[in-house]
Amino acid sequence: MLKIYNTLTKQKEEFKPINPPNVNMYVCGPTVYDYFHIGNARTFVNSDIIRKYLEYKGYNVKFVMNLTDVDDKIIKKSNEEKIGTEEVTEKYIKAFFEDIENLNVKRADIYPKATAHMKNIIEMIKKLEQKGFAYNVDGNVFYDVKKFKDYGKLSGKKIDELELGSRVEVNVEKKDPLDFALWKKAKEGEPYWESPWGNGRPGWHIECSAMSCKHLGETFDIHAGGNDLIFPHHENEVAQSEAANGKKFVNYWIHFGFLNIDNEKMSKSIGNFSTARDILKKYSAETIRMLFAQTHYGGPLNFSDELLSAAEKGLEKLNNLAQKVEDEIKSEKKNGNNPTFDFKKYDDEFEKVMDDDFNTPQGVAVIFDFIKDVNKTVAENENINSEFFSNVKSFLEKTASGVFGILNYKKLTAETGFVKLIGHDVRLIVNKHIDTDLKEIKSEEDLDEYLNKILEIRNKAKKEKNYALADEIRNDLNKIGIILEDTKEKTIYKIIKK
Ligand SMILES: [Zn+2]
């Protein structure tokens, strides 16, 4: 029985979808004005793991993630770069899809864009106005927070306290400082749409209410997002949707904890701001996902090179076993022994810990216990048949690959021959001579790129008459079966295949 910690009720509750086996799930997506940072990546990966676990349980998940493509930040970027807002959003939507794919994140069923849902957004604001929850001040439409008696039920904030804490508002048009914009009157040089209140554009919160309703219905199962969205974004979504539709908006609210870098809050001003794109140049998606999975989604997560390296090292055990399994299955040993091994125990254990509010650290631990036991069985038995290894593969495929995305069979089988044999060693040699840690070598192109990088370093050393370094590099390469041939024009490498 799956239990989920629900931000709305502040307790773990048994998960009961409205229309099983279907589950409707909405996650707040990116504002597409820049590459997304590693904190956003945590939201995308966590929601991906939750979705995949629900699918593992047999649910049929409809997964919707919005793309905010009209926003102050987008307009600012468009002015800075002197390109149209559409060019800005197109560029970063493309980058978003590339980056999530590189993170092994499964695509959502629908990625609704705000600019493509103006009709739905305007309809919902009209409904709120008709029901007395919204008021128009000269083309700006605001939500009247005091009219919604349940305001604060998600975040646990009280209206009185919020008002005490709010600063004196510059915006005198609003009746109350807590009221928020549903529709913003057009300003000179900004994109706008026609509406019953004049030309303008929607506020951010109403987008999610209108688009989730359009694609998932007035009441749906799961809404997720980062902790920082609980207030005011999600609180306002509840207020808008429940006032407009007169129904409960969402049954289960899931929120992801913050991500700190080297134990400090990530911020552009202190210079520890990292995009997912940059991190992916140094570490594989599997490594990043492993680090994420090792912390429960709700808690804070520390992100550092040290922890990433540890995660990478941990994954070696998994990859080694998966590779062995592939080789054994290929050998088609039909008449060998079938050692006693309780596969069901691991299935049950995995489901038990994951059913407890998606306890991924425990889920990872179950996989590594499994690896340990399989290795022990393999060491203690001779001539094991391939059926045993097929069962091992099936467990790893469902859990490590299917739910967590920390094992990539495509890469495993692509890493063949000499790339696999020497790729790791070549990377270590390159890393000795440059400041930044390079990503894993996965293909012959990568290998060629890295070897050329080494040659460059060695040529530079020779030019600077640093022959000790040039010889050191030659010797290091010789040891792993790569010989260098110096000609007059340039140096070439040859790989002696064993
Ligand atoms: Zn949202």
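Residue positions are given per chain, counted from 1 along the sequence in the order it is written. At least 70 in pLDDT is required for a residue's local features to be given in this predicted model, at least 80 for side-chain atom pairs to be given and counted, and no such filter applies to totals for whole chains, interfaces and linings, which use all residues. Note that water and hydrogens are dropped before the side-chain values are worked out from all heavy atoms of the structure.

**Here we look at the overall build of the chain**
Move 1: A run of DSSP states H or I qualifies as a helix once it reaches four residues; a run of E qualifies as a strand once it reaches two. Both are numbered from the N-terminal end. Helices and strands together make up the secondary structure of the chain, namely 17 helices and 15 strands.
Move 2: When its C-alpha atoms are laid out on the principal axes, the chain stretches across 80 × 60 × 35 Å.
Move 3: Counting all 498 residues of the chain, 50% fall into the buried class.
Move 4: Only heavy atoms enter the contact rule, under which two residues are in contact if any of them lie within 4.5 Å. Here the contacts in the chain between residues at least 6 apart in sequence split such that 75% fall between residues at least 24 apart.
Move 5: This count recognises Lys and Arg as positive and Asp and Glu as negative, with His and chain-terminal groups excluded. Charge placement uses NZ in Lys and CZ in Arg. For Asp and Glu, CG and CD serve respectively. Mean positive and mean negative side-chain charge positions of the chain (77 and 83 charges, respectively) differ by 1 Å. Three exposure classes are used, based on accessible area relative to the maximum for each residue type with a 1.4 Å probe and protein chains only: buried under 20%, partly exposed in between, and exposed over 50%.

**Looking at the pattern of salt bridges**
Move 1: Salt bridge, as used here, is a side-chain nitrogen of Lys or Arg placed within 4 Å of a carboxyl oxygen of Asp or Glu. The final tally for this structure, using the stated rule, is 38 salt bridges.
Move 2: A salt bridge links aspartate 138 to lysine 185; the shortest N-O distance between them is 3.0 Å. Residue aspartate 138 is found in the loop between strand E5 (134-137) and strand E6 (140-143), and its partner lysine 185 is found in strand E7 (residues 180-185); the two are separated by 47 residues along the sequence.
Move 3: Its relative accessible area of 57% is what places aspartate 138 among the exposed residues.
Move 4: Here lysine 175 ties to aspartate 144 by a salt bridge, and the two come within 3.1 Å at their closest N and O atoms. Taken together, the residues lysine 175 in the loop between helix H5 (159-165) and E7 and aspartate 144 in the loop between E6 and H5 connect sequence positions 31 residues apart.
Move 5: Ionic contacts of the salt-bridge type, sharing partners, join the residues Arg51, Glu55, Lys106 and Asp109 into one network.

**What about the coordination of the zinc ion?**
Ideal geometry at a metal gives 109.5 degrees between four tetrahedral donors and either 90 or 180 degrees between six octahedral ones.
Move 1: Think of the donor list as every N, O and S atom within 2.8 Å of the metal, or within 3.2 Å for Na, K and Ca; water never makes the list, so a site can look incomplete. On the protein side, the zinc ion has Cys28 (SG), Cys208 (SG), His233 (NE2) and Glu237 (OE) as donor atoms, found 2.1 to 2.7 Å from it.
Move 2: Metal sites are grouped by the angles between bound donors: all angles between 85 and 135 degrees with four donors is tetrahedral, opposite donors over 155 degrees apart with the others between 65 and 115 is square planar for four donors and octahedral for six, and any other pattern is irregular. Every donor counted, the four donor atoms about the zinc ion form angles of 72 to 132° at the centre, which fits irregular coordination.
Move 3: Counting the intervening residues between successive donors of the zinc ion yields the motif C-x179-C-x24-H-x3-E. Here histidine 233 lies in helix H7 (residues 230-245) and cysteine 208 lies in helix H6 (residues 204-216), a separation of 25 residues in the sequence.

**With respect to the pairing of E6**
Move 1: Residues Asn140 and Phe142 of E6 are buried on one face, and the alternating residues Val141 and Tyr143, pointing to the opposite face, are buried as well.
Move 2: In this analysis, strands are considered paired if DSSP registers two or more bridges between them. The sheet contact formed by E5 and E6 spans four bridges and is antiparallel. Each bridged residue has a counterpart across the sheet, and for tyrosine 135 the counterpart in E6 is phenylalanine 142.
Move 3: Where E5 folds back onto E6 in an antiparallel hairpin, the turn is made up of two residues, including aspartate 138, whose phi is positive at roughly 55°.

**Quick notes on helix H2 (residues 72-81)**
Move 1: Residues of H2 that are buried include every one of Ile74, Ile75, Lys77 and Ser78, and no others. Buried residues of H2, seen end-on, are gathered within an arc of 160° and therefore sit on one face of the element. Of the residues in H2, the exposed ones pointing more than 90 degrees away from the buried face are Lys76 and Glu80.
Move 2: Of the surrounding elements, those touching the buried residues of H2 are helix H3 (85-102) and strand E8 (200-202).
Move 3: Its side-chain oxygen at 2.8 Å from the backbone nitrogen of lysine 73, aspartate 71 defines the N-terminal cap of H2.
Move 4: Of the residues trailing H2, lysine 82 is marked for its positive phi of about 55°. Comment: arc refers to directions from the helix axis out to C-beta atoms. Identification of polar contacts relies on pairs of N or O atoms within 3.5 Å, with a donor-acceptor requirement for protein atoms, meaning one able to donate a hydrogen and the other able to accept it, and with residues adjacent in sequence counted only if both atoms are side-chain atoms.

**Quick notes on the sheet that holds strand E11 (residues 259-261)**
Move 1: The mixed open sheet is built from three strands, whose spatial order is E12-E11-E13. Each edge of the open sheet is held by one strand with a lone partner, namely strand E12 (264-265) and strand E13 (301-303).
Move 2: By the bridge criterion, two bridges tie E11 to E12 in an arrangement that is antiparallel. Residue pairing across strands places isoleucine 261 opposite glutamate 264, the latter belonging to E12.
Move 3: Angles run from 0 to 180 degrees between N-to-C directions of axes, and those axes are lines fitted to C-alpha atoms, restricted for helices to the stretch in contact. Set on the sheet, helix H1 (residues 38-56) makes contact with E11 and E13; between it and E11 the angle comes to about 145°.

**A short note on H1**
Move 1: To estimate the expected span of a helix, count its residues, drop one, and scale the result by 1.5 Å. Compared with the 27 Å implied by 1.5 Å per residue over 19 residues, the 26 Å span of H1 between its first and last C-alpha is a close match.
Move 2: Glycine 58 sits one or two residues past H1 and shows a positive phi near 100°.

**Re the sheet that holds strand E4 (residues 60-65)**
Note: strands within a sheet are paired through backbone hydrogen bonds, in either parallel or antiparallel orientation.
Move 1: One open sheet holds the four strands; their spatial order is E4-E3-E9-E10, and the pairing between them is parallel. Either end of the sheet is taken by a strand with one partner, and the two such strands are E4 and strand E10 (250-256). The sheet shows a mean angle of 20° between the axes of neighbouring strands, taken without regard to direction.
Move 2: Sheet strands touched by H6: strand E3 (22-27), E4 and strand E9 (220-226). Its angle to E3, the strand with the most contacts, is close to 160°.

**Structural notes on the nonpolar core**
Move 1: Counting residues in hydrophobic clusters, the biggest one holds 88 residues, and the most contacted among them are Ile38, Leu54, Phe303, Leu318, Ile367, Leu396 and Phe404.
Move 2: Discounting chain neighbours no more than four positions away, the residues touching phenylalanine 303 are Ile38, Leu259, Asn260, Ile261, Asp262, Ile279, Leu291, Phe292 and Leu308.
Move 3: Within the second largest apolar cluster, 27 residues are counted, among which are Met118, Ile121, Ile159 and Trp197. As used here, the term nonpolar core means buried Ala, Val, Leu, Ile, Met, Phe, Trp, Tyr and Cys residues forming a set that is joined through side-chain atoms within 4.5 Å.

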